[in-house]
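One-letter residues, chain by chain:
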Amino acid sequence: MNIVAGRTGILVALAGALVGAGVLLVGLKKRDGARLKAGAAYVWVVLGGVVVATAAMQHALFTHDFSIAYVAQNNSKETPLLFDATGMWSALQGSLLLWALVLSGYMAAMAVRFRRRAADPLVAWATLVVYLVAAFFLSLLAWPANPFARLAGPVPLDGAGPDPLLQNRVLVAFHPPLLYLGFVGFTVPFAFAIGSLVTGRTGEGWLLETRRWALFAWGCLGVGIVLGAWWSYQVLGWGGFWAWDPVENAALLPWLCATAYIHSAMAQERLGLLSVWNLSLLVATFALTVLGTFLTRSGVIQSVHAFSDSTLGPVLIGFFAVVVITGVGLIGWRAELLRAEGQVRSLLSREGAILANNAAFAAFSFLVLAGTVFPLFVQFFTANQVDVGAPYFNAVTTPLALALLFLMAVAPALPWRRAGSQVLRDRLLVPGWVGGASMVLAAILGVRGVELVVCFGLAGFAGAGALRGLFKSYAAGRTMGRGRLASFWGRGSGGMVVHLGVVVVAVALATAYNFGQRGQVRLRPGQSAAIFGQTLTYHRGATVVTPSETSVEAVVTLNGHGSLLRPAVSRFGAATTYIGSPAIQSTPLRDVYLTLVSPPAGPGSPVVIGVIVQPLVIWIWIGGGIVALGTAMSLTPRRRMGARRDGSSNRADGRRGGVRPQPVGAGEAAG
Amino acid sequence: MAQRSHKEHPGPNRRLTPARLGWLGLLVVVVVVVAVSGTKPTPRQSSARRISALEHELRCPSCADLSVADSTEPSALAIARYVRTQVHAGATNHAIVSYLETRYGQSILMVPSSSTGAGLLWDAPFAIGAVVLATGGWLAWRNARGRAGGGSGQQ
Amino acid sequence: MARRHGLRTTVLRVALLAVGALVIASAVVFALQPSPGAQQAATPLLGHRAPPLAGPLLAGPALGTHRGNWVVVNFFASWCVDCRLEASSLNRFAQSQARSSTGAARLVMVAFSDPSSQARGFLRLTGSTATALQDPGGQTALAWGVREPPETFVVAPNGKVVARFVGPVKATQLEAVVGSR
């Protein structure tokens, strides 16, 4: 029954997407508004179909319907309830179903948001593009990656269960869905970009319409990436959070491009600059999500995060090529329409800083991309197997990260549309001194190495700059007569809060990475050892058996008090390999990360415990939370007069190329 | 503000305003701190340091993206042990690394050696830097010329 | 002015064309990657002298000399699932080789990061009768470039490595290599 329902749901959704696309195409050709409205309504067919398929999959997982091959491989009777549900994204086919679910959700949101403008050709073209993207993923689900494929042979009594790494942390329930909300969300701005190119309405209207969509997807992707890092920190047992793994890079690449976009979109919104560049960034972002899916789902690259391999490679790479060619071709075709309204007159202006920001992010993405796909090229041309790892990525991205911190400090203080050297001198003196003080403090605390000291200095500079921006936008809100909360909660302050979050993450990463210590201690029950300023006491070994797992753990206390820590190795379900589950004690200043390197052979025998002490790790996750908060602030629509007037009057200035001096606050606040 | 900058831009007789003093002070602080923190004692080539450096250059063979230093996999521990004994026995870094290459292949290196075209990979940042600097320079030059030409603009 | 815009448009189009061409070329490179999971895996040892086998004897007959014989070297561990899967296959191969009169291949098992007691237990459980060696410190596995068990190497009578299998190996695969030369 699950198979029939799921299969039907997918096929109905696919048919809905194709028919909807067809109706829209006819409507666009005949300029028939009624047809366009009718075409948009097929969104509900797609959503309905995918929801039925998802429900069927969830039902199959909860009822352990092992006649479905996917369920037999990713579920077992002993799997805890939560991981029954998350089994849907434990492997390729189910992940694609999640992808389709998220996409159809976005389609429905689009249909609601633009319901009054369904007859507008630009909206119709955008909807058409989304239909086609949905049709692509649904046809993958219908044939090569069918999640409802029947298991060959007799139905087994029990399934294999999800990959052990995917069934011991709650984060598994949040990280992939958020990542997909990010990945898939870029379909909407991409679709509108294509729509604007096809219809020739390349003004900034579509950009304003989709700004919030892009920002939402960007926020989800960023939080998804941080949660992914958190997951690997908690699970993988090496105490790190980022290994420049291909799958991590695949998520980072669209995020980098999108970060460039949400900054450069401001320049287009304000001054009509960079229109070709913005369109290219949107095409690149969307294309990179497809490329990322290819890299992670086709099995060409080995990775700790890749829980599937398949033969989808050529299909996905083909789709990637189609996306890029379409985007590039349309931009080329409309090149005449896309000439810039103005030019960046001074590099020492806000738009100049945005240009520099975009250059840095573009270089960042390019280098990460180059390092990620380099092995594929080497293998193709020389048949050698090589791999590019952390030392390369760290070396090439560190200078860029420092440059971005610097820009983050300077850019928000710069005025639009005019050279601001004097303005900078006045506005940045205090943040500059905060940066200088951070450097002095770092040096006094014993930090050595120019790169690191400069990093802390720039972080202080950027942090103080963001606080200053926050204060200014609050003050501007107050002078416009808004309430205290309303003055704090808005787009301009949201951006500054995001900057603060990024600074927190940067400081935490630099500190944890450079001042982490790792070692091992060998202890008998009752013994203590001092290591890296911590006293570790091993009490006893224990074996814990639950229906889903068997763990051997060491019961340990840190510094003589506090809660018991239980680093363990566990065996899940029928698997015979043990995987480690680290125990972590987090405090604001440092994390102690314990792993069971060799479990006790019997009562009274010694254990070897791996000890990793890293400072400030918790602030990486807190910083991620601050970024999420700032994104939410930027997303909240503000219905007050002030904001609207602010935006439009500046826009008008830009068109005239005027250099009318603005009140200090107003010019900065909306950045 | 625009007027003030007009007054200050030309003219060599720059007075020491408080703001200017502030920036000057900051510059001094930054230079001093960078100089102090940069002059760390040159690390002695102790064998422990060599071992640690090698462990960071070598990839754990059975994990996807961790160095030997970061991993406790059996294969990584075997390599760590090999590195340790060879360093203590007086082998050169080159000898150690190339022995492991003949066993595991190029992928044992965290970053491919230049023989496989990795030179391109390392040149890429410089190429990009050059392009960015050239573009920035061109923009600055164009703006300067535009301003000198009475702001005729190129709209 | 008009000419200028024309020039800019042309430059833009040429740049876009270059990007498009680059992407298509890359897509072709990506699409034509060798399919993953090929059983016969590459190793720099192929065609080179096999590294020496040494170590305390775990089980089976003593190592002795195997100059002039085919040797199949299998790295295993009691904790490795795939090793259990391939055990019966390896036994079948060893037995059929022992029955054949000429050029019989010998099987040598090497424990990979496994305490002696557990490795012996595994061998008893799977009914192996082959020569089995312990590998303290993993230096034999390192010399052979073993990443993760099971890995199986075939050494020709001239002492050169001719094949490497990653993952569970089938008797027929080994016979194909041994019989083909």
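None of the values given here were measured: they were computed from a predicted structure.

Time to look at the domain arrangement of chain B. Each assigned domain of chain B is listed with its residue range as follows: domain 1 (41–110) and domain 2 (114–145). Computed over C-alpha atoms only, the centres of domain 1 of chain B and domain 2 of chain B are separated by 34 Å.

Residues and elements named next belong to chain A. Strand order in the open sheet formed by 4 strands is β1-β10-β9-β8, and the pairing between neighbours is antiparallel. The open sheet is flanked by β1 (517–523) and β8 (583–586), the only strands paired with a single partner. Averaged over all adjacent pairs, the angle separating strand axes in this sheet is 20 degrees, with direction ignored. Looking at chain direction, β8 and strand β9 (residues 590–598) are connected through 4 bridges and run antiparallel.

Contacts between chain A and chain B engage 56 residues on the former and 50 residues on the latter. When chain A packs against chain B, the two sides together hide about 4300 Å² of surface, and 68% of this comes from carbon and sulfur. At the junction of chain A with chain B, the criterion picks out 2 salt bridges. For Asp-70 of chain B, the salt bridge goes to Arg-518 of chain A, with nearest N and O atoms at 3.7 Å. Here chain A and chain B share 7 residue pairs in polar contact (both at pLDDT 80 or more) between them. For the side of chain A that touches chain B, the secondary-structure elements that each account for two or more residues are α14 (350–382), α15 (390–410), α16 (421–427), α17 (429–444), α18 (450–479) and β1 of chain A.

Residue and element names in this part refer to chain A. Tallied over the entire structure, the rule returns 11 salt bridges over all chains. A salt bridge links Asp-120 to Arg-117, with the shortest nitrogen-to-oxygen separation between them at 3.5 Å. Among the residues examined, Asp-120 registers a relative accessible area of 14% and is labelled buried. One salt bridge connects Arg-117 with Glu-209, and the closest N-O pair in it is separated by 2.6 Å. Placement of the pair is Arg-117 in the loop between α6 (92–113) and α7 (121–142) and Glu-209 in helix α10 (residues 205–235), with a sequence separation of 92 residues.

A contiguous nonpolar patch, built from Ile-325, Phe-380 and Phe-381 of chain A together with Ile-24, Val-28 and Leu-32 of chain C and spanning about 550 Å² of accessible area, is present on the exposed surface. Contributing elements (two or more residues each) for the nonpolar patch: α14 of chain A together with α1 (2–31) of chain C.

Bringing the pairing of strand β4 (residues 549–558) of chain A into the picture now. Where a strand is regular, its side chains alternate between the two sheet faces. All names here are of chain A. For β4, the tally of buried residues reaches 8 of 10 residues, placing the bulk of the element in the interior. For strand β3 (residues 534–545) and β4, the ladder comprises 9 bridges, and the chain directions are antiparallel. Each residue of the ladder has a partner; that of Tyr-538, found in β4, is Val-556. Remark: 3 residues form the turn of the hairpin made by β3 and β4, two consecutive strands paired antiparallel. Two elements, β4 and strand β5 (residues 561–565), share 2 bridges in a ladder whose sense is antiparallel. When the bridges of β5 are listed, Leu-558 appears paired with His-561.

Considering all chains together, one arrives at 2 disulfides over all chains under this definition. With its sulfur 2.0 Å from that of its partner, Cys-60 of chain B forms a disulfide with Cys-63 of chain B. Taking the sign of the torsion about the S-S bond as the criterion, the disulfide between Cys-60 of chain B and Cys-63 of chain B, at about 105 degrees, is right-handed. The exposure class of Cys-63 of chain B is buried, given its relative accessible area of 15%. One disulfide in the model links Cys-80 of chain C with Cys-83 of chain C; its S-S distance is 2.1 Å. What sets the handedness of the Cys-80 of chain C and Cys-83 of chain C disulfide is the S-S torsion sign, and at about 95 degrees it is right-handed. Take Cys-80 of chain C: its relative accessible area is 4%, and that puts it in the buried class. Judged by relative accessible area, which is 2%, Cys-83 of chain C ranks as buried. Here Cys-220 of chain A is not cross-linked by a disulfide; its sulfur's nearest cysteine counterpart is in Cys-257 of chain A, at 18 Å.

On to helix α3 (residues 116–126) of chain C, then. Quick reminder: α-helices carry 3.6 residues per turn. Residues three or four places apart thus point the same way. All names here are of chain C. Regarding α3, the residues found buried are Ala-119, Phe-122 and Leu-123. In a view along the axis of α3, the buried residues occupy a sector of 95 degrees, so they form one face of it. Summarising the geometry of α3, the exposed residues directed more than 90 degrees from the buried face are Ser-117, Arg-124 and Leu-125. Buried residues along α3 sit against β1 (57–59), β2 (71–76), α2 (81–99), β3 (106–111) and β4 (131–133). Remark: Gly-127 follows α3 within two positions and exhibits a positive phi of approximately 70 degrees.

What follows deals with the packing of helix α9 (residues 187–199) of chain A against α10 of chain A. All names here are of chain A. Between α9 and α10, the least distance of the axes is 9 Å, while the angle of their chain directions is 165 degrees. In terms of axis orientation, α9 runs roughly antiparallel to α10. Considering only the axes of α9 and α10, their crossing is left-handed. Taken together, the residues of α10 that come into contact with α9 (itself represented by Val-188, Pro-189, Phe-192, Ala-193 and Ser-196) are Trp-206, Thr-210, Trp-213 and Ala-214. Counted by class, the contact of α9 with α10 contains 7 nonpolar, 2 polar and no charged residues.

The subject of this paragraph is the interface of chain A and chain C. The extent of an interface is frequently quoted as the accessible surface area lost upon association of the parts. Opposite the 27 residues of chain A that make contact, chain C presents 22 residues. With both chains or domains summed, chain A and chain C bury close to 2200 Å², and 74% of this area falls on carbon and sulfur atoms. In this structure, the connection of chain A to chain C is made through 0 salt bridges. Taken together, chain A and chain C are joined by 2 residue pairs in polar contact (both at pLDDT 80 or more). For the side of chain A that touches chain C, the elements supplying multiple residues, two or more each, are α12 (275–297), α13 (313–333) and α14 of chain A. Among the elements that make up the side of chain A that touches chain C, the one with the highest residue count is α13 of chain A (9 residues).

In this section: the packing of α17 of chain A against helix α2 (residues 18–38) of chain B. Direction vectors running N to C along α17 of chain A and α2 of chain B enclose 25 degrees, while the axes themselves pass 10 Å from each other. For the element pair α17 of chain A / α2 of chain B, the angle class is roughly parallel. Regarding α17 of chain A and α2 of chain B, the two cross each other, and that crossing is left-handed. Facing α17 of chain A, whose interface residues are Leu-429, Gly-432, Trp-433, Gly-436, Met-439, Val-440 and Ala-443 of chain A, α2 of chain B presents Ala-19, Gly-22, Trp-23, Gly-25, Leu-26, Val-29, Val-30, Val-33 and Val-34 of chain B. Residue classes in the contact of α17 of chain A with α2 of chain B are distributed as 12 nonpolar, 4 polar and no charged.

What counts, and where the lines are drawn
- Residues numbered from 1 in each chain as written.
- Chains lettered and ligands numbered in written order.
- Predicted model: local features only at pLDDT ≥ 70, side-chain atom pairs only at ≥ 80, totals over all residues.
- Heavy atoms only, no water.
- Domains from an automatic or database assignment.
- Pairing = 2+ DSSP bridges.
- Helix = DSSP H or I, 4+ residues; strand = E, 2+ residues; numbered from the N terminus.
- Axes fitted to C-alpha atoms, helices over the stretch in contact; angles between N-to-C directions.
- Contact = heavy atoms within 4.5 Å.
- Buried area = accessible area lost by both parts, 1.4 Å probe.
- Salt bridge = Lys/Arg side-chain N within 4 Å of Asp/Glu carboxyl O.
- Polar contact = N/O pair within 3.5 Å; in protein donor to acceptor, adjacent residues only side chain to side chain.
- Buried < 20%, exposed > 50% of the residue type's maximum accessible area, 1.4 Å probe, protein only.
- Patch = residues over 30% accessible without salt bridge, like charges linked within 9 Å, V, L, I, M, F, W, Y side chains within 5 Å.
- Areas by Shrake-Rupley, 256 points an atom, 1.4 Å probe, with all protein chains shown as cover.
- Disulfide = S-S within 2.5 Å.
- Arc of directions from axis to C-beta.
- Parallel < 35°, antiparallel > 145°, perpendicular 65-115°, else oblique.
- Left-handed = near helix turned anticlockwise from the far one by under 90°.
- Nonpolar A, V, L, I, M, F, W, Y, C, P; charged D, E, K, R; others polar.

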